[in-house]
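These are the residues of each chain, in order.
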Amino acid sequence: MKKRILMLLVFAVLCWGVAGCGKTSAYQKREEHSQNTKDGRESVGDSEPTESASTLQEDADLASSFSDSICAVTYDMMATVYDFDEQNPERPGSVFVINQTESRLVFGFRMLDACYPASVTKLMTALIVLEHCEMSEEVVISKEVAEFTRGSVTELREGDVLTVQDLLSCMLVESANNAALSLAIYVAGSEAAFANMMNWEMDRLGGSGSHFVNASGLHNERHFATPYDMYRIYVECRKYPAFCELEGLEKTTYSYTDKDGESHTRTVESTNCFLFGTPEHRYECPDGVTILGSKTGTTPYAGYCMLMHVCTGEGMEYILGVFNAETERNLYGKLIELMSEYCLE
């Protein structure tokens, strides 16, 4: 009898907690949304997809031979010998080419080995934002973000008001670290909390050996990823039309208001030198190859990195990755080599 009374008391307390009064913060709402998303996706095998999810997937698949199936990759599929860097044979670089139309690994070398992903990290940041935000939501730039100057940054001043889409443009096109920080704080309340969301998402996707501690990819010994995991993240991002619209832009201009309510415009330019760059930093893709999207990354520890999505004249779509090239020229030379040899077969 005492046990039954105790259970009833516990139930009453729980009900009071759920129905309790008081305002819910934006952060709490996002945490609730995150949990709901998690619960729904864990049981996806036992339930029918929602109409909105189906519509979103149909939009993402229109006029594309892109398959959202993850290409399975195992260690025994990796090349054991590959000349990644002729000048430095011991350099631990990674490369891969996946025919995404057929969901087939064409070539892979060290793509299951962890490396420093640099700003390619921002693909995961974008994925979290896409899952939790509407593109039209407005973000007010904080003092912390305005004063952030590490690595690649864009012009963001305290009190500026940008939409989530504008900040994604800054982050994906111009690779702005302060835009990534602003989005992380907006979504999770702090960058540390956002990093926890990134790691949970990686677990959900079946990560093969990655761990994130920040939203931008700035160097940290505890921040690493496998090229294969970055590929998996990219495929997930492609399910969102907003991502597909932004990732292949050479440059884009957006409007924002400052702290005084005055309207302004800014233009951001791509860090992909196949798409945009000065003459000394411009490279040409092989004939017959069109770039659909990419994400670059560079730090002294990560080297020069890029994950790139291309399409051939035959309609085949490929995802390529090069990680830890020693120089910019080596990175683009290696990508050209991979496209010529494996995408134009």
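From a predicted model like this one, the values you see are computed outputs, not experimental measurements. (Residues numbered from 1 in each chain as written. Predicted model: local features only at pLDDT ≥ 70, side-chain atom pairs only at ≥ 80, totals over all residues. Heavy atoms only, no water.)

A. Molecular detail of empty space enclosed by the protein. Overall, the coordinates contain three cavities of 30 Å³ or more when judged by the stated rule. Estimated volume of the largest cavity: approximately 60 Å³. Lining of the largest cavity is provided by Leu172, Val173, Leu246, Glu247, Leu249, Ser270, Thr271, Asn272, Ser294, Lys295 and Thr296. Those elements giving two or more residues to the lining of the largest cavity turn out to be helix H10 (241–247) and strand S7 (289–299). Class assignment of the residues belonging to the lining of the largest cavity gives a composition of four nonpolar, five polar and two charged. (1 Å grid on protein atoms, 1.4 Å probe; cavity = no way out; pocket = protein on both sides within 12 Å on 5 of 7 lines; lining within 4 Å. Points joined across faces, edges and corners; volume = space filled by probe spheres on them. Helix = DSSP H or I, 4+ residues; strand = E, 2+ residues; numbered from the N terminus. Nonpolar A, V, L, I, M, F, W, Y, C, P; charged D, E, K, R; others polar.)

B. Just the sheet that holds strand S9 (residues 317–325), in detail. Here five strands make up an open sheet; going across it, the order is S2-S1-S9-S8-S7 and the pairing antiparallel. Of all strands in the sheet, those with a lone pairing partner are strand S2 (104–109) and S7, marking the two edges. Direction aside, neighbouring strands of the sheet carry axes that sit 10° apart on average. Sheet topology note: the strand S1 (residues 94–99)/S2 ladder contains five bridges and is antiparallel. Considered in S2, the bridge of Phe96 is made with Gly108. Across the face of the sheet, helix H9 (residues 227–237) comes into contact with S1, S7, strand S8 (303–312) and S9 while running at roughly 140° to S9. (Pairing = 2+ DSSP bridges. Axes fitted to C-alpha atoms, helices over the stretch in contact; angles between N-to-C directions. Contact = heavy atoms within 4.5 Å.)

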